[in-house]
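Letter by letter, the chains look like this.
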Amino acid sequence: MIENLYKIPNHVAIIMDGNGRWAKRRGLQRIEGHREGTKAVERTIKFARNVGIKYLTLFAFSTENWQRPPEEVNAIMSLLVEYINQKIPLLIENDVRLLFMGRKEKLWDSVLKAMEKGENETARCKSMTTIITLNYSGRAEIVDTVNKILKSGKKEITEEEFKKFMYRPEIPEPDLLIRTSGEKRISNFLLWQLAYTELYFTDTLWPDFDEDEFLKALYDYQSRERRFGKVLDE
Ligand code: FPP
């Protein structure tokens, strides 16, 4: 199945969109779409690890998502706790480290506990790092970063120094961003980090995202010429 796959992106970030529409099309509750979405999360982590991607960032819950109906927010939070606790052994078996990124405020205690447990128990895994962004937005990260800088007493700063104050300065910037479900927006995801990232959009809804869909995105990425603002030699 995996033929001619080369130039593997080091870091892939994904906006997992379309769970609600997937459920609606089947006459199901939106949460059933999120539940099905967790199966796509598992497939995606395994596949990414197996093709040699080193960092995979998944947009699970944004700072704006609190505005959804409380039943849906509660259901997503419960699903996250259940999912993280249940999948830790599988992550360890696959040598995948788990990290979280986002504002801790407003998150339930049970979510915070599951996050801590997930990070601690997978801390030694080295084959791939999966970063789950929870209560995250790009603008919130930039504002939090600026506030940290102000507290440090600095009056002027370079881009390189700015980066060191961000949530996860050790994580390299994404090479490829995938967004499912046909929307062509960044939606306040990794605003700073996406500056030179290749963007890939697919109409496939997140619960239907599988290995073949991921491969299509990787083949597309292979054909891109990344110039980072420079002129490349002939
Ligand atoms: C977007 O679909 C999806 C979300 C806001 C939640 C994503 C959560 C999961 C995939 C489940 C848990 C995640 C992990 C990492 C275990 P949408 O509800 O915006 O869909 P719509 O645009 O069709 O309404």
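Everything numeric in this text was worked out from a predicted model, so none of it was measured.

Q: So what about the environment of Val-143? Which residues, and what values?
A: Looking at the element boundaries, Val-143 is found in helix α5 (residues 138-152). The spatial distance from the C-alpha of Val-143 to the C-alpha of Gly-33 is 32 Å, given a sequence separation of 110 residues.

Q: So what about the layout of surface pockets? Which residues, and what values?
A: By volume, the largest pocket amounts to about 690 Å³. For the largest pocket, the lining is made up of 31 residues, of which Met-16, Asn-19, His-34, Phe-59 and Ala-60 are closest to its centre. Among the secondary structure elements, those contributing two or more residues to the lining of the largest pocket are α1 (19-25), α2 (30-51), β2 (55-62) and α3 (70-93). Tallied by class, residues from the lining of the largest pocket come to 14 nonpolar, 9 polar and 8 charged.

Q: Explain the sheet that holds strand β4 (residues 128-136) residue by residue, including any values.
A: Spatial strand order, β3-β4-β2-β1-β5-β6: 6 strands in an open sheet with parallel pairing. Each of the sheet's edge strands pairs with one partner strand only, and the pair in question is β3 (96-101) and β6 (198-201). The average undirected angle you get between the axes of adjacent strands in this sheet is 20°. Looking at chain direction, β2 and β4 are connected through 7 bridges and run parallel. From the neighbouring strand, Leu-58 faces β4, where its bridge partner is Ile-132. Strands β3 and β4 of the sheet are contacted by helix α4 (residues 109-121), whose axis makes an angle of about 145° with β3.

Q: Tell me what's going on with the site of the ligand, and back it up with residues and numbers.
A: Surveying the vicinity of the ligand reveals 16 residues, the closest of which are Asp-17, Gly-20, Arg-21, Arg-30 and Arg-68. The contact in question runs from an oxygen atom of the ligand to an N or O atom on the backbone of Asn-19, over 3.2 Å. Compared with its free state, where it exposes 620 Å², the ligand has 92% of that area covered by protein. More than half of the atoms belonging to the ligand lie within 2 Å of the grid points that define the largest pocket. Elements with a contribution of two residues or more to the shell around the ligand: α1, α2 and α3.

Calculation notes
- Residues numbered from 1 in each chain as written.
- Predicted model: local features only at pLDDT ≥ 70, side-chain atom pairs only at ≥ 80, totals over all residues.
- Heavy atoms only, no water.
- Helix = DSSP H or I, 4+ residues; strand = E, 2+ residues; numbered from the N terminus.
- 1 Å grid on protein atoms, 1.4 Å probe; cavity = no way out; pocket = protein on both sides within 12 Å on 5 of 7 lines; lining within 4 Å.
- Points joined across faces, edges and corners; volume = space filled by probe spheres on them.
- Nonpolar A, V, L, I, M, F, W, Y, C, P; charged D, E, K, R; others polar.
- Pairing = 2+ DSSP bridges.
- Axes fitted to C-alpha atoms, helices over the stretch in contact; angles between N-to-C directions.
- Contact = heavy atoms within 4.5 Å.
- Near = heavy atom within 4 Å.
- Polar contact = N/O pair within 3.5 Å; in protein donor to acceptor, adjacent residues only side chain to side chain.
- Areas by Shrake-Rupley, 256 points an atom, 1.4 Å probe, with all protein chains shown as cover.
- Sits in = over half its atoms within 2 Å of the grid points.

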